[in-house]
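# Coordinate analysis (summary)
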Amino acid sequence: MGEFEVHRVRFFALVPAGVRCLACLPRAARLALARTDGAVEVYNFAANYFQEKVIPGHEARSVEALCWAAGERLFGAGLSGEIIEYDLAGLRMSRCVDGGGGPIWSMAANSSGTQLAIGCEDGSVKLFQVVPGGIQFERNLDRRKGRILCLSWHPSDTHIAAGSIDVLRVLDVCSGQTVKRIMVNYHVQKVKRECIVWSIAFLSNGTVVTSDSFGRVQFWDWERGTLQESHTVSTSAALSLAVSEKEDSIIVGTSSGATYQFQLLPVKMGSLEKRWVRTKPFQHHTHDVRAVAHSSTALISGGLDAQLVIRPLMEKMQKKGYDAVLRKFTFPHRRLVSCARKARLLLFQFSQHLELWRLGSTEETGKDGQVLPLCRMPEHLLQLKSKGPEHIYCSCVSPCGSWVAYSTASRFHLYQVQYEGNSISVKKV
Amino acid sequence: MPVPGGSRRAAGHHGAGAAVPAGKMVAPGALRVVRCGGSPRHGARAVFSNDSKYLLCASGDFVKMYSLATEETLRLLGGHGGLVTGVQLNPHNCMQLYSSSLDGSIKLWDFMDGIPIKTFTVGHKLLALYALASSEDSVFVVVPKSSERDTFQLVSVKLTKAAGQDLEAKELSVVLDSVDASPKCIAFGRAGEYVASVKEVNLQVYFFKQKQLNRFSVSAVKAKSGNNHFTCVACHPKEDCIATGHADGKIRLWRNFYHRKEYTFSTLHWHHDTVMDLAFSVEGTSLLSGGVESVLVLWRNESDYQKDFLPRLGSAIEYISMSPDGAFCCTLHTDNRITIINSNLRFSKSIQGLIKSMDIKTGLVVDPRTKALVLNGEPGHLQFYSLQSDQQLFSLDIVQRQYIHQAGLKQVDLVKVAFSAQGKWLATVEEREEVTDPELQLKLWFYDEETQSFKLNTRINTPHEDHITGMCFRDMDESEDDSLLLVTAGRDCVFKVWVMVEDTDPEAQQSVSWSCDFVGSYHNYQATNCCFSEDGSLLAVSFEETVTVWDSVTWDLKCTFCHPPGKIRNICFGRLTCSKYLIGATDYGFLCCWNLLNCALEWSAHLNILVLQPDPLSEYIAAVSWLSKESSLFVFKPNEPRPIYIQRNLCKEKIQLAAFVPRDEPEMISAEKYLWLRRSQLFFLTDTQELMTLSTKSLEERLTPASKQLAVEEGLLVTPFSLLFGRHRRQQSQEDLGKLAVHNKHWQDSPAVKELLHTPAHVLPSASFLCPIFINSLLISKENKSAEEVSDEVEMESENTEDDSDEERDAAEMEQEDTNPMELLGETICKLSKSQDKELRKIRKMDYSWISAF
């Protein structure tokens, strides 16, 4: 091995985008993840949680909800009010349909993947038919005041549960009517604060599970409109929940960064009576856990701290220790830094701009591990803003440092950089 | 029937056991060492009787039964030859109780009558006992494994149904191996279907029906949160849920534990230190936990966010138990206190005897007012312990600072206590244990008659530069305040004399305060002890190897005594006829007696004396020596070098403190050998904080049958009732002794009153029921009498004033009242209206012929 000069590059101020939502592809080991900057990533569990695909974000389109439908088609919806279908082969948006109800807060596909329901700002729930080559507006369901923050289909596709502020509703898909309206805050005395139902899940036995801003996870019998169980998991909000496919386990993410598992356990040995019990708490995140997903072998959570944590369920695993199977995605998996070796330049890629830096240099040599004094500080040479609302997908700098290239989903740009003493000029090619 | 004083003592100390010195047959009349309080060492969780009226609690070698209504010790079930390690109600008969002991036997009791029904000899040390409703004729015990040391197993013992009292129970079958010795580490689950046992980091669950054993473990030591060893376990009464407490303060709730792999647990965490015990409520909806924080935590619905606290319980919680109806919960504490807590988590009652404190620095002091033993109690408190009732009279907060439970934190503690002769003044010294600069405070408390408690009068910061080693009041029986002096001896080589001075500050609320009057020293030696002679004229202060005697008026050094080598450990003056002697004990094992008149050594003996205690009411002095792991007692008179009484091998423990407690009435002791016990009783405190005394009574006399213990002897307890009647009686006897003699007799003889006074409060019917009976009993006697006396008087009166106006008659009656104010009957008549008066008179006239017949 030769001698190396190690640069401590502490001037790359990348702010990673937090995880906004997660969607597990049922019966296939794929996970779609949307970040707060609108980027969508797809992970393949079978291939060792490899980040297969990245669709760069778009300034105008944030993604509030993701879902898989009709096989392996991925749909996203956001506050722009549009439903977007992603082209997973071309890594770009393929189609875009306006929802027609203002910003979309939530979206869910039915179990067969033929219909999409969206929850809008204006309080309406709209159904879309998934057709080959796009989606088609089908009908409007009963509209009430208050934005629909979360949606869940009953596994039999006959009803939809929708969570709003202070209230949850159950809608009949056939008639389009609200068949039950439950005030989640009714029994809490003297509380003037509004209670936001952040997340909802409809179980096949008719139980509706909600997590709300009071930190409660509540189990409702929707037909009678009664509260079955209430568990306070946090003093802050419980933001997200996900149910396992067998409906015997629930994961809840809270704004304190902790996630909790609930399990449906028999009260007595051999008896049929079962009860939801809060079992394990996990504290992997430092900020709000906005999205959780439940695969058959793991609890998956993503938070505003931009981490994706895959926490396997030990009892379902056959081997290995706990640490060996716990996975955390803290760093971006793509190359965001490119280096011009000869010119001693670094190109940093941000979502909307590029930065070109000259590395510092020293004239001294020292022993291993010794910190050398710099004779020239690192220098910020250039900031290049990208045009248009699309985010930069990739970028590169030539070894001589005179060419800089970047591309978005639709366009490719090449620039020539000229150094004249202390001044630098950029020419678009 | 012994004399009242003696019988009272027997009843008062029925909480005591009879420990006979080993290897010695006790001849009748010999002195016996009797344990009479302190150090009960609760070996197991307490048990409530089925109706939640009584609490049964293992206490040393006994099982104590307390009444929850009155907190009294009702019964003492004795008979085990070792520490009782388990008490359990018989699940098939709720009036019976099983108890197990280290002596290897299980006893079945009828606890309501205090009768041992059966004794099953198992033959191993029994460390814990569990009785289940589901197992018909067997109980579970923890026994040591015979082959290996320090390993224990849970076995079920078949209790044979044969006739006879003493039975062998040898049919053992092992249920679980390698269990922990603590009774808290095993719990039986819902309806006895499974048993859970914890040890170190392992949890074992054994299912009886399936014969399946599941083992779970938590990961061993984690660096950041300390060790997470299991400390206790409890099972949900209705569901399959096991709660375990851990050394790092966490509580884990295990579920689904019949699957070896898919088990799961959740965690509750509030305690910062070891969880000492756990208990589920009767329905299992809430969980109680306690630990060293002395806070009882109630967890509702197994939720981390719904918990309630009952803080400031005094000391660490050792065991928690629930009553079968869920109305009460009971916590046993490390300082021997028992606390009863309501179901709504409100403090209800506290049953406390001698509180075990960390370290008794104050010594045993007798409060002259209450005759209670006074010593360190809770941290920073002074406890007043009543020897008669085995109860704490009250606890005086001396330090008046919040005690913080934290290891290694130096707390202010009480180190010295002294009472003035009448108990009017109390002096206390508190210090913070600092090596370089001790923080000292001397406080003087005045007994306030109105509030019946001590009130702080003077606080002196840093009375000495270094630790205070001795403190005494000038013990004069006259209550003149100007003769009252306090002397403190310190390690800073001086002794100081404190006197009361008039408070000149007009804003001060009190008229007197204390200040320093004289500082004495001797060759710059550390002062170690001080004491006054009986008449208060001489003060003896020991300075390391030398005893100095000072005149207490002029503060002149009169003479010095020395018995090299060895520093002076204890000094005291002789009393009464022996007041010319000064006794001292030295480090090198000498007991010396100096004559103060000729300043010469009278005699000396080679003894390693730890405790030197003069009897305040007689010439006798008790000395306790410690030699080759046994304590011996010597009682002597200073004028004779030969001891009057020697008891070798008093007990195996080191005796740290002793005190003579004056008897209320001198006991009748015939043997000359024990005359020294006539006026006072001698109490010892061992280093395990066990209180012992010496008794001349034989075992049979002391352990009166339980039925007799319940009935209170005549004129015995100083209750408000007896005080009332006592005073009443005295007054009347002064007024007209002859007249009312019959009357009194009648009161005493009345079965209703007798019953009322002699029935313990907790079994009495309601007052509304008793009241008519009581009144009636009084009325009958009065009517008889009023007929006798009043008619006499009224007859005279009526002769005189028959024709007079009403006003005049009233005046006459007033007169009568003035002349005979204590005459109850006059008062009653005064209150009668005129019409009633006339009627009464008519009746009396009718009765006149009957009266004259007498």
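Rules behind the numbers
Residues numbered from 1 in each chain as written. Chains lettered and ligands numbered in written order. Predicted model: local features only at pLDDT ≥ 70, side-chain atom pairs only at ≥ 80, totals over all residues. Heavy atoms only, no water. Pairing = 2+ DSSP bridges. Helix = DSSP H or I, 4+ residues; strand = E, 2+ residues; numbered from the N terminus. Axes fitted to C-alpha atoms, helices over the stretch in contact; angles between N-to-C directions. Phe/Tyr/Trp six-rings, centres within 6.5 Å; stacked < 30°, edge-to-face > 60°. Buried < 20%, exposed > 50% of the residue type's maximum accessible area, 1.4 Å probe, protein only. Lys NZ or Arg CZ within 6 Å of the ring centre and 35° of its normal. pLDDT = per-residue confidence, 0-100. Contact = heavy atoms within 4.5 Å. Buried area = accessible area lost by both parts, 1.4 Å probe. Salt bridge = Lys/Arg side-chain N within 4 Å of Asp/Glu carboxyl O. Polar contact = N/O pair within 3.5 Å; in protein donor to acceptor, adjacent residues only side chain to side chain. Nonpolar A, V, L, I, M, F, W, Y, C, P; charged D, E, K, R; others polar.

### Some thoughts on the sheet that holds strand β19 (residues 216-221) of chain A
All names here are of chain A. Spatially, β17-β18-β19-β20 is the arrangement adopted by the 4 strands of the open sheet, whose pairing is antiparallel. The open sheet has two free edges, formed respectively by β17 (197-202) and β20 (226-232), since each of these has just one partner strand. Strand-to-strand, the axes of this sheet are offset by a mean angle of 20°, without reference to chain direction. Looking at chain direction, strand β18 (residues 207-212) and β19 are connected through 5 bridges and run antiparallel. Across the sheet, the residue bridging to T210 is Q218, located in β19.

### Here's the deal with the packing of aromatic side chains
Where two aromatic rings form a pair, the distance of their centres and the angle of their planes describe that pair. Residue and element names in this part refer to chain B. In total, this model carries 45 aromatic pairs over all chains according to the counting rule given. Where Y447 meets F454, the ring centres are 5.1 Å apart and the plane angle is 70°; that geometry is what we call edge-to-face. Judged by its relative accessible area of 8%, Y447 falls in the buried class. Among the aromatic side chains, those forming a connected cluster through ring pairs are F495, F518, Y522, Y525, F543, W550 and W555. Over the aromatic face of Y319 sits the side chain of K184, whose NZ or CZ is 4.9 Å from the ring centroid.

### Quick notes on the confidence of the model for chain B
Residues and elements named next belong to chain B. Per-residue pLDDT for chain B averages 78, and the proportion of residues at 70 or more is 77%. The model gives residues 1-28 a pLDDT under 50, and that stretch makes 49 contacts with residues more than four places away or in other chains. Long-range and interchain partners of residues 737-745, a stretch whose pLDDT sits below 50, account for 12 contacts in this model, where long-range means more than four residues apart. What the predictor reports for the complex is a pTM of 0.74 with an ipTM of 0.81.

### Here's the deal with the pairing of strand β47 (residues 557-562) of chain B
Residue and element names in this part refer to chain B. Of the strand pairs in this sheet, strand β46 (residues 546-551) and β47 are connected by 5 bridges, and their pairing is antiparallel. Considered in β47, the bridge of T548 is made with T560. Hairpin remark: β46 followed by β47, antiparallel, with 5 residues in the connecting loop; positive phi at W555, about 55°.

### Some thoughts on the interface of chain B and chain A
You'll often see interface size given as the accessible area lost when the parts meet. Taken together, the 22 residues of chain B in the interface contact 20 residues of chain A. Of the roughly 1800 Å² buried where chain B meets chain A, counting both sides, 52% is carbon and sulfur surface. Applying the counting criterion to the chain B and chain A interface returns 1 salt bridge. Residue A:R275 is joined to B:E239 by a salt bridge in which the shortest nitrogen-to-oxygen separation is 2.3 Å. The tally of links between chain B and chain A comes to 6 residue pairs in polar contact (both at pLDDT 80 or more). Broken down by element, the residue count for the side of chain B that touches chain A peaks at 5 residues, all from strand β23 (residues 264-269) of chain B. In terms of residue class, the side of chain B that touches chain A is built from 5 nonpolar, 7 polar and 10 charged.

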